[in-house]
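Listed below, chain by chain, are the residues.
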Amino acid sequence: GESKLTSGAFGASTNLAEINFGGKTSIGSGMFAYSESAPNTALKSLSFPAGSTFSAGIFHSCNALKELVFEGNVDLTAGGSIYNVPSLEKIEFKGESKLANGTLSNSVKLKTLIFGGKTDIGANVFIDAGSQQSSGMDSIVVPAGSTIGEKAFMDCDSLISVIIGNSVLGIGSRAFEHCISLTSVVIG
């Protein structure tokens, strides 16, 4: 059923390999946060039911985490939600989503980013990645009605193609700056 997990509930559980949520869940700040000297090395995949809510810094130093799935609408504007998750390869947002400044910081292996509905992509989503943003993510599809913040995909140097849906409400300045492999942009 529904659950509420408070701040740091699974912090320092470095061998935690699996957790299943039976219904919408309230995730407290730092719930899966680990110190960089003692990261989690077992948890590889998490799926969150529709209606779940999220606080700040929930996945810090989950070094084995490869996949995140958000089944419904999701708001990750609490800040640094998916910060420093170095093995993360795939994120799927099945509903509408909101991503804040720095949401995907240091996601240097991210290859697949799927948006299922309208998305507010905040400024500097990949902040701190700098020249290390060679993630392998070569394409992105931004759904209709979305917004793309300032410097949102800056330094994503493996990005080749971008498809932006009809009625995108805005593209911030320098959103695709230093995307040196970008060869195709389709708007509409």
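Up top you'll find the structure we're talking about.
None of these values were measured; they are calculated from a predicted model.

Draft legend 1. Structural detail: the pattern of salt bridges. Applying the stated criterion to the full structure yields 5 salt bridges. Lys-66 is the salt-bridge partner of Glu-89, the closest N and O atoms lying 3.8 Å from each other. With Glu-89 in the loop between β6 (74-76) and β7 (90-93) and Lys-66 in the loop between β4 (53-54) and β5 (67-70), the pair connects residues that are 23 residues apart, well separated along the chain. Since its relative accessible area comes to 29%, Glu-89 is described here as partly exposed. With a relative accessible area of 36%, Lys-66 lands in the partly exposed category. As a salt-bridge pair, Lys-90 and Glu-92 come within 4.0 Å of each other at their nearest N and O atoms.

Draft legend 2. Layout of the packing of aromatic side chains. Applying the stated criterion to the full structure yields 10 aromatic pairs. Summarising the aromatic geometry, the rings of Phe-32 and Phe-59 are spaced 5.8 Å apart at their centres and angled 5 degrees between planes, so their arrangement reads as stacked. One end of the pair, Phe-32, is in the loop between β2 (25-27) and β3 (45-48); the other, Phe-59, is in the loop between β4 and β5, and 27 residues separate them in sequence. Judged on exposure class, the residue Phe-32 and its partner Phe-59 are both buried. Consider the rings of Phe-93 and Phe-115, whose centres lie 5.8 Å apart with planes at 10 degrees: the pair is stacked. In this pair, Phe-93 is assigned in strand β7 and Phe-115 in strand β9 (residues 112-115), connecting sequence segments 22 residues apart. Through a chain of ring-to-ring contacts, the aromatic side chains of Phe-10, Phe-21, Phe-32, Phe-48, Phe-54, Phe-59, Phe-70, Phe-93 and Phe-115 assemble into a single cluster.

Draft legend 3. How the structure looks around the sheet that holds strand β1 (residues 3-5). The strand order across the open sheet built from 3 strands is β1-β2-β4, with neighbouring strands paired in parallel fashion. A single partner strand is all that each edge strand has here, and the edge strands are β1 and β4. Summarising the sheet, β2 and β4 pair through 2 bridges and their orientation is parallel. Note on β4: the bridge partner recorded for Ser-26 is Thr-53.

Scoring rules and cut-offs
Residues numbered from 1 in each chain as written. Predicted model: local features only at pLDDT ≥ 70, side-chain atom pairs only at ≥ 80, totals over all residues. Heavy atoms only, no water. Salt bridge = Lys/Arg side-chain N within 4 Å of Asp/Glu carboxyl O. Helix = DSSP H or I, 4+ residues; strand = E, 2+ residues; numbered from the N terminus. Buried < 20%, exposed > 50% of the residue type's maximum accessible area, 1.4 Å probe, protein only. Phe/Tyr/Trp six-rings, centres within 6.5 Å; stacked < 30°, edge-to-face > 60°. Pairing = 2+ DSSP bridges.

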